[in-house]
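# Per-entry structural report
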Amino acid sequence: MAAAVTAYGAFTEQLRALSLMNFPGGLGSWNKTRFDLVKIKYPEETYWEDEKSAAGEEYPDALKELLTSNFSPWALEEIWSPDVQQLREASVDAPQLISEAFIFLQFKSLRIVDKEVEEVDQNLLKFLNLEELILSANKIRTINSGNLPRKLKVLELCANEIDSLKDLCCNPPKGIQHLGLGYNRIFCPSESRYLTGRYWPNLLSLDLGFNNLIDLRGIVSKMNSLEHLRILVLQGNPVALLPWYHGFTINSLPALSVLDDVVISADGRLRHKGLSERPDLMRDEAHVFISIGKLKGLPHPPSEQEDAPEYPVITYNYYVTYKFVYELEDKDMENTKVVTENTTESPVQFVSVVEDHPKPPKDNSEIKAIESVAMNPLLKQVQLENSVSSYSTAAKSWEEVIDNNYRQEHVLGDILGLKAFLLHGTTVDVIEEKTLYWPAKEAPVEGGRPQSGKKDGKAKEQEKQKEKGRQSAQKEKGRQSAKDRQGSGKQKKKKVNLSNLHPDAPIRRILGSLHLQMEKLVGGEPTVDTVFDFGVLATTATVETAKNKQEGKKSKDKKSKTGRDSTASQKTTASSKGKGKGKKTIDETEDPPPPVPLTVEVQVQLLQWMSFSDALKEEASPT
């Protein structure tokens, strides 16, 4: 088993890449200072002019230029702090001073980013002057605060695997002014007890963004003891999904100047005044509104053929579906899996239920596990209290533009589960529902018993007569259709009373399916507006239109070869026939309009109270 990568080990690897004792630094043959080290301390004005340089020797200024030029292969990488540039210049001016103790004293800022560091070891105490330590994007799970340099003012631990602050708060440096813990795995409500002035007496800035904090009241109450706290980041946590998050936090921390990278104005603080004094308004529930607007570009349903039979009558309806989480009831929790404290490898997964209505499933066999969210490491001690169900708009018949006017409110108390679902996103489908209607079946014989053979024969004879009548009616209908075409050229569709007919089971077809991304709601944006473009659907009509257009183009090209005189004669004849009637000639016929792509408008909105009055209106609302 490989040894854990330590912070000091990663630093030595980076230091080796600097090559302080190699060209252009160090005491090599390329540096004139190797001849007489005394002249560094007692320089003479004419020394450098009188000294005869050997081939390949460079003055210190020329060597330092190689370290600073952006076009030099020895230019400093961005991973290093400005202190390293001074250290490299010292390796040119005074290479005899370069030693381990000298190197440690030069560092005031140290960046070790994305080096798979797992442990902060005690060798970091060698950096006596270190004030800034950045260990982001590593694999650190816990930190022994006793191994941190005592002069530290900035500690950045973003994007690691920290799930508890207990070890970090054993003996932290008292001078820390900024603590960055964003994008970690901090979850347990009891962790708020480590966010007090007892451990961080000089803290000015605190970043807890994109963790899994769910107890906003407990966190804010502990932060009241941070007297110097002015900058706070909590966005990305489940608590930020609550409608009263902004107002309550601003109202409870009067010394706060910036919340989630937004400066708190005097007007903004005034709008939320009094909210923290009304705990009855602050329920631990998130409200998400799903709105589905206009649906455009639906293919026109196939029209009835002239010689088609009277039955079945076919109808087409269209609607939009999406999936969203709902909260399970207590009785449904008995068969729900629980992630215990001992679980460290298996992340929490949500269950998916595929239904045609928004009601919770009663049969647990219908529940399916969906892919867990990689960018949201849901932690242990979390119950699976959410399932995913399918919701849909009302089914409507075909129109060029179908306005759904759909709006659904989803209320969830499991804000941790909601965060994971929003990061995962959902699927939006456009469904075509085809239904065949047949004549209703005749009522059964009285008593439920078949009649005698004689009566059965009579019934069969009656059925034959009815069939002959339907055939004759169909022939008459065909003759009438032919007359109508010779006359007006248009045929009016006869309305059929579907209530007297018996429908078959609907045949559903997915016309389009796309993924709806909602992670912006977790990142602080209150609304996600999307117009899904499914593209142009390939139907029989569109294929025939494209074919006719291509054939028309070929015919036009062929006609142009017959000569100018013949073409002019045809146009003259055609124009004389259509003169005074306002009709276009065959050559002037316009191409059909291009097909419209299938689109649907979707909006997802997270409820956020913009003022204390909004909270009062929400409470007074009957819904």
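Thresholds applied
- Residues numbered from 1 in each chain as written.
- Predicted model: local features only at pLDDT ≥ 70, side-chain atom pairs only at ≥ 80, totals over all residues.
- Heavy atoms only, no water.
- Helix = DSSP H or I, 4+ residues; strand = E, 2+ residues; numbered from the N terminus.
- Contact = heavy atoms within 4.5 Å.
- Areas by Shrake-Rupley, 256 points an atom, 1.4 Å probe, with all protein chains shown as cover.
- Phe/Tyr/Trp six-rings, centres within 6.5 Å; stacked < 30°, edge-to-face > 60°.
- Buried < 20%, exposed > 50% of the residue type's maximum accessible area, 1.4 Å probe, protein only.
- Salt bridge = Lys/Arg side-chain N within 4 Å of Asp/Glu carboxyl O.
- Axes fitted to C-alpha atoms, helices over the stretch in contact; angles between N-to-C directions.
- Parallel < 35°, antiparallel > 145°, perpendicular 65-115°, else oblique.
- Left-handed = near helix turned anticlockwise from the far one by under 90°.
- Pairing = 2+ DSSP bridges.
- pLDDT = per-residue confidence, 0-100.
- Core = buried A, V, L, I, M, F, W, Y, C linked by side-chain atoms within 4.5 Å.

### Some points on the overall build of the chain
Along its length, the chain carries 15 helices and 20 strands. If you take every contact in the chain between residues at least 6 apart in sequence, the share linking residues at least 24 apart comes to 74%. Here the chain has roughly 37200 Å² of accessible surface; of this, 51% comes from carbon and sulfur atoms.

### What about the packing of aromatic side chains?
One pair of aromatic rings is described through two measures. These are the centre distance and the angle between the planes. Under the criterion given, the structure shown has 14 aromatic pairs. Aromatic pair F11 and F104: ring centres 6.3 Å apart, planes at 35°, arrangement tilted. Note that F11 is positioned in helix α1 (residues 7-18) and F104 in helix α6 (residues 100-106), a separation of 93 residues in sequence. Aromatic pair F107 and F127: ring centres 5.8 Å apart, planes at 85°, arrangement edge-to-face. Of this pair, F107 sits in the loop between α6 and β1 (109-111) while F127 sits in the loop between β1 and β2 (132-134), and the two are 20 residues apart along the sequence. Of the two residues, F107 and F127, neither departs from the other in class, the shared state being buried.

### Describing the pattern of salt bridges
Under the defined criterion, the tally for this structure stands at six salt bridges. R141 serves as the salt-bridge partner of E161, at 3.1 Å between the closest nitrogen and oxygen. Taken together, the positions of E161 in the loop between β3 (154-156) and β4 (178-180) and R141 in the loop between β2 and β3 put the pair 20 residues apart, joining distant regions of the chain. In this structure R141 comes out as exposed when scored by relative accessible area, which is 54%. Salt-bridge contacts for R278 lead to D280; the nearest nitrogen and oxygen are separated by 3.0 Å.

### Some words on helix α8 (residues 245-252)
Quick reminder: α-helices carry 3.6 residues per turn. Residues three or four places apart thus point the same way. Counting buried positions over the eight residues of α8 gives six, a clear majority of the element. For α8, the complete set of buried residues consists of Y245, G247, F248, T249, I250 and S252. Along its buried surface, α8 packs onto α7 (216-223), β6 (231-233), β7 (258-259) and α9 (266-271).

### Some points on the packing of α7 against α8
Packed helix pairs are specified by the crossing angle of their axes together with the interaxial distance, meaning the distance between the axes. It is the contact of α7 with α8, at a shortest axis distance of 10 Å, that shows an interaxial angle of 20°. By the angle between their axes, α7 is roughly parallel relative to α8. Here the hand of the crossing between α7 and α8 comes out right-handed. Seen from α7, the contacting residues are L216, R217 and V220; seen from α8, they are Y245, F248, T249 and S252.

### Comments concerning the pairing of strand β16 (residues 426-439)
Most of β16 is tucked away: ten of the 14 residues are buried. Pairing of β16 with strand β18 (residues 507-516) involves nine bridges; the strand directions are antiparallel. Within β18, the position partnered with K434 by the bridge is I507. Note: β16 against strand β17 (residues 501-503), three bridges, orientation antiparallel. Among the inter-strand pairings, W438 is bridged to a residue of β17, identified as H502.

### So, the sheet that holds strand β20 (residues 598-606)
Spatial strand order, β15-β9-β20-β19: four strands in an open sheet with antiparallel pairing. The open sheet has two free edges, formed respectively by β15 (401-412) and β19 (527-535), since each of these has just one partner strand. Taken over all neighbouring pairs, the strand axes of this sheet differ in orientation by 15° on average, direction set aside. Looking at chain direction, strand β9 (residues 286-296) and β20 are connected through seven bridges and run antiparallel. Residue pairing in the sheet places K296 in a bridge with T599 of β20.

### Quick word on the sheet that holds β7
Pairing in this open sheet of eight strands is mixed, and the strands run β1-β2-β3-β4-β5-β6-β7-β8 from one edge to the other. The sheet is open, and its two borders are formed by β1 and β8 (262-263), each paired with just one other strand. Direction of pairing for β2 relative to β3: parallel, over a ladder of three bridges. Bridging across to β3, L133 finds its partner in L155.

### Side note on the environment of S397
Looking at where S397 falls in the secondary structure, it is placed in strand β14 (residues 396-397). Along the chain, S397 and T315 lie 82 residues apart, while their C-alpha atoms are 7.9 Å from each other. Aside from chain neighbours lying at most four places away, what touches S397 is Y316, N317, Y318 and I402.

### Details of the confidence of the model for the chain
Low-confidence regions, as indicated by low pLDDT, have predicted coordinates that should not be scrutinised in detail. Averaged over the chain, the pLDDT score is 74; the fraction of residues at 70 or greater is 59%. Below a pLDDT of 50 lies the segment residues 34-38, which in the model reaches eight contacts outside its immediate sequence neighbourhood of four places, other chains included. Low pLDDT, under 50, characterises residues 583-587; the stretch is placed with six contacts to residues that sit more than four places away or in other chains.

### Here's the deal with unusual backbone geometry
In the Ramachandran plot, D260 falls in the positive-phi region, its phi being about 55° despite a non-glycine side chain. By secondary structure assignment, the location of D260 is in the loop between β7 and β8. Of note, D261 is a non-glycine position whose phi angle comes to about 65°, a positive value. Locating D261 in the fold gives a position in the loop between β7 and β8. A relative accessible area of 60% means that D261 is categorised as exposed.

### Points about the pairing of β9
The buried count for β9 comes to nine of eleven residues, which makes it a mostly enclosed element. Here β9 pairs with β15 via ten bridges, running antiparallel. From the neighbouring strand, L295 faces β15, where its bridge partner is I402.

### As for the nonpolar core
F11, L168, M223 and F324 are the most contacted members of the largest nonpolar core, which has 109 residues in total. Broken down by element, the residue count for this core peaks at seven residues, all from strand β10 (residues 313-327). Once residues lying within four places of it in the same chain are set aside, the contact partners of L168 are I143, S145, L148, L155, L157, L179, L181 and W200.

### Points about the environment of V411
Within the secondary structure, V411 sits in strand β15. V411 sits in the partly exposed class, given a relative accessible area of 37%. It is 5.7 Å that separates the C-alpha atoms of V411 and A286, two residues lying 125 residues apart in sequence. Not counting chain neighbours up to four residues away, the residues in contact with V411 comprise E285, A286 and H287.

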